[in-house]
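Structural description and commentary
Chain residues, written in single-letter form:
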Amino acid sequence: MFGRLAAALLLAGSVALLYTNGFFQEDKWGPFLEPSTWRFLGEGLAVTLAIGFTSLILSLLIGIPLGMARADLKGPLRYPIGGYIELVRATPILAILLITLLGLPRLGVDIEPFWAGVVALTMYTSAVLGEIVRAGIDSIPRGEVEAARSLGLDYRHTMRRVVLPQALARMTPAIVSQLITLIKDTSLLFIIGVQELVGYGRSFFNFYGNLLETYFVIAVIFFLINYPLSRLSRRLESGRPPDERVAVSGEEDQVVARAS
Amino acid sequence: MTGILGNPLFIEGYLTTLALTAGAMLASLFIGTMVASLRVWGGPIMRSLTGAYVEFFRNTPLLVQLLFIVVLLAPSNLGVTRDPLVAALFGLSVYTGAYVTEVVRSGILAVDPRQIEAARTLGLSQAQALRHVVLPQAIRTVIPPLGNLSIALVKNSAIAGGIAATDLLQVARILEARPPFTFDPFIAALFAYWTITIPLAWAVSRLERRLAFAR
């Protein structure tokens, strides 16, 4: 009862605060009724989606082999790749982003902010995907691998016909969760001056002076992309016994996928 | 390199990141516990309101939330503060709080409600049943995911630099642009983050294994 009252007061309070700050004023929201606004923000969204999509494809291309190499018990690359994945996952994405943008030119490689962003997002996401793939492969009971090997299948065929088809189904919810993280992290490119959705938003409110409203609308646009993805991830995960769930540590979107 | 590690600004940045993370973790634990209780026991209206909070903050970028909060708290609006560090602490807490809510909620739901009935039958009050029966079991379920969230929080704290709060990464950025213009500040920051995240990750995986056996 007390909690409900407190929450109701909190909600009423925040609405009142927003009201006194003109958050509900018509002139602040008016620009969002113009079609030109949505064309403009749409251009920003296109850049955001281009960053996310390019990074996703590259991350899948790099992350899956990384994870498979790490899961290969006899492979020579197991430990070096494992170390690389752990170090990348222990680093803030923004740190990787700034180091790519400011470090590469020092090595004589000129890179545009857009591509520095794609490189950094790919580096981080592929490490996480590598870990998801490894966890997926490791979740398949050893007995199935031994059974396949004793039936005469070699390592490649055991992987392709027995382990990977099952592992892939278990990995999919985690991969979708990581896609949400990736899409949210495209906004970090704003910090290094790439004109994506947030950057377009800033140009927009510099003109109309409606900062809060614009940030809110941008958040809603991200929400409309990510919410269906998080529903999808949850639906793919539902009904799967806990020991068959794959989620990697240190990622907030993975934690919740495992928890709920 | 040794010059950087002794730089007072760098040390301050490191301590800022530690304080920001610890403060936001504590605050998000408080938020998460409160909201999760409302989410489970608060009735249908509370359930949808708390659900909206969780889903909205989970599915939108932390940077956009921080930018919103900076403007909201600024003198031209609420006039609370123009200190980006306060805004960062607030933003990180509310963002992480949404995740803590989901973790705590799953911890509560992991305990069979019939245990509460059994405890009540044995003469415990509702509060006693929650404190002595539900809580000890729920804590065991939530500790590993909360540890994971703290690792994520350390990494997310770097985004505070996006609103010009002088955390570790932002300090590295400032120092790199000063004489002698070496890249050392970033390399040092990298290792500094690892001194936090790698031991945390190790501790969480250890805890995860121990709690799995204890079950």
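This text follows the structure it describes.
Just so you know, these numbers come straight off a predicted model, no measurement behind them. (Residues numbered from 1 in each chain as written. Chains lettered and ligands numbered in written order. Predicted model: local features only at pLDDT ≥ 70, side-chain atom pairs only at ≥ 80, totals over all residues. Heavy atoms only, no water.)

Here the focus is the environment of Val 103 of chain B. By the secondary structure assignment, Val 103 of chain B is in helix H5 (residues 84-109). Residue Val 103 of chain B is classed as buried on the basis of its relative accessible area of 1%. (Helix = DSSP H or I, 4+ residues; strand = E, 2+ residues; numbered from the N terminus. Buried < 20%, exposed > 50% of the residue type's maximum accessible area, 1.4 Å probe, protein only.)

By the secondary structure assignment, Gly 199 of chain A is in helix H9 (residues 197-208). Considering only alpha carbons, one finds Gly 199 of chain A and Leu 41 of chain A, 158 residues apart in sequence, at a separation of 9.5 Å.

Another point: the interface of chain B and chain A. Interface size, as often reported, equals the accessible area lost upon joining of the parts. Contacts between chain B and chain A engage 48 residues on the former and 51 residues on the latter. For the pairing of chain B and chain A, the buried interface totals around 4500 Å² over both sides, and the portion due to carbon and sulfur atoms is 72%. The largest per-residue losses of area from chain B upon contact with chain A belong to Asn 59, Phe 68 and Lys 155 of chain B, which jointly make up 14% of the total buried on that side. Linking chain B to chain A there are three salt bridges. Across the pair Glu 251 of chain A and Lys 155 of chain B runs a salt bridge whose closest N-O atoms are separated by 3.3 Å. (Contact = heavy atoms within 4.5 Å. Buried area = accessible area lost by both parts, 1.4 Å probe. Salt bridge = Lys/Arg side-chain N within 4 Å of Asp/Glu carboxyl O.)

In this section: the nonpolar core. Judged by nonpolar contacts, the single largest core of 114 residues is most densely connected at Ile 132 and Val 198 of chain A together with Phe 10 and Leu 169 of chain B. A total of twelve residues in this core trace back to one element, the largest contributor, which is helix H6 (residues 113-138) of chain A. Not counting residues up to four positions away in its chain, the partners in contact with Leu 169 of chain B are Leu 94, Ala 95 and Leu 98 of chain A together with Ala 158, Phe 186 and Tyr 193 of chain B. Ile 116, Ala 119, Ala 129 and Val 134 of chain B belong to the second-largest nonpolar core, a separate cluster that totals six residues. (Core = buried A, V, L, I, M, F, W, Y, C linked by side-chain atoms within 4.5 Å.)

All right, on to the packing of H5 of chain B against helix H7 (residues 126-156) of chain B then. In helix packing, the relevant descriptors are the interaxial angle and the interaxial distance, both defined with respect to the helix axes. Residues and elements named next belong to chain B. Between H5 and H7, the shortest axis-to-axis distance is 9 Å and the interhelical angle comes to 160 degrees. The angle between H5 and H7 falls in the class roughly antiparallel. Read as a crossing pair, H5 and H7 show a hand that is right-handed. Packed against H5, whose contacting residues are Leu 92, Tyr 95, Thr 96, Tyr 99, Val 100, Val 103, Val 104, Gly 107 and Ile 108, the element H7 presents Ala 138, Thr 141, Val 142, Pro 145, Leu 146, Leu 149, Leu 153 and Asn 156 at the interface. (Axes fitted to C-alpha atoms, helices over the stretch in contact; angles between N-to-C directions. Parallel < 35°, antiparallel > 145°, perpendicular 65-115°, else oblique. Left-handed = near helix turned anticlockwise from the far one by under 90°.)

Another aspect to go through is the packing of aromatic side chains. If you walk through the whole model with that rule in mind, you get 17 aromatic pairs over all chains. For the ring pair Phe 205 of chain A and Tyr 215 of chain A, a centre distance of 5.2 Å and an interplane angle of 70 degrees mean the geometry is edge-to-face. Remark: Tyr 215 of chain A occurs in helix H10 (residues 211-237) and Phe 205 of chain A occurs in helix H9; sequence separation between them is ten residues. Here Phe 205 of chain A and Tyr 215 of chain A have matching classes, each one buried. Chaining the aromatic ring pairs together yields one cluster made of Trp 29, Phe 32, Trp 38, Phe 204, Phe 207, Tyr 208, Phe 216, Phe 223 and Tyr 227 of chain A together with Tyr 53, Phe 56 and Phe 57 of chain B. (Phe/Tyr/Trp six-rings, centres within 6.5 Å; stacked < 30°, edge-to-face > 60°.)

Residues and elements named next belong to chain A. Along the chain, Gln 254 turns up in helix H11 (residues 252-259). Of the residues examined, Gln 254 reaches a relative accessible area of 0% and is grouped as buried. Only 2.9 Å separates the side chain of Gln 254 from the backbone oxygen of Ala 174, close enough to count as a polar contact. (Polar contact = N/O pair within 3.5 Å; in protein donor to acceptor, adjacent residues only side chain to side chain.)

Taken together, the side chains of Leu 11, Val 15, Tyr 19 and Phe 24 of chain A together with Ile 45 and Leu 49 of chain B make up a nonpolar region of the molecular surface, amounting to roughly 620 Å² of accessible area. Secondary-structure elements contributing two or more residues to the nonpolar patch are helix H1 (2-20) of chain A together with helix H3 (43-58) of chain B. Looking at the nonpolar patch element by element, the count peaks at three residues for H1 of chain A. Among the secondary structure elements, Ile 45 of chain B is positioned in helix H3. (Patch = residues over 30% accessible without salt bridge, like charges linked within 9 Å, V, L, I, M, F, W, Y side chains within 5 Å. Areas by Shrake-Rupley, 256 points an atom, 1.4 Å probe, with all protein chains shown as cover.)

Let us now look at empty space enclosed by the protein. Under the definition given, this model contains three cavities of 30 Å³ or more. Quantified by volume, the largest cavity comes out at close to 200 Å³. In terms of lining, the largest cavity is formed by 20 residues, of which the most central are Ile 93, Asp 185 and Glu 252 of chain A together with Asn 156 and Ile 159 of chain B. Those elements that provide at least two residues to the lining of the largest cavity are helix H5 (93-103) and helix H8 (155-185) of chain A together with helix H4 (62-73) and H7 of chain B. Residues that form the lining of the largest cavity fall into these classes: eleven nonpolar, four polar and five charged. (1 Å grid on protein atoms, 1.4 Å probe; cavity = no way out; pocket = protein on both sides within 12 Å on 5 of 7 lines; lining within 4 Å. Points joined across faces, edges and corners; volume = space filled by probe spheres on them. Nonpolar A, V, L, I, M, F, W, Y, C, P; charged D, E, K, R; others polar.)

A few words on the pattern of salt bridges. Per the counting criterion, the structure on display carries 16 salt bridges over all chains. Linking Glu 244 of chain A and Arg 170 of chain A is a salt bridge whose minimum nitrogen-to-oxygen distance equals 3.6 Å. Here Arg 170 of chain A lies in helix H8 and Glu 244 of chain A lies in the loop between H10 and H11, a separation of 74 residues in the sequence. For Arg 234 of chain A, the salt bridge goes to Glu 55 of chain B, with nearest N and O atoms at 3.1 Å. Taken together, the positions of Arg 234 of chain A in helix H10 and Glu 55 of chain B in helix H3 put the pair across two chains.

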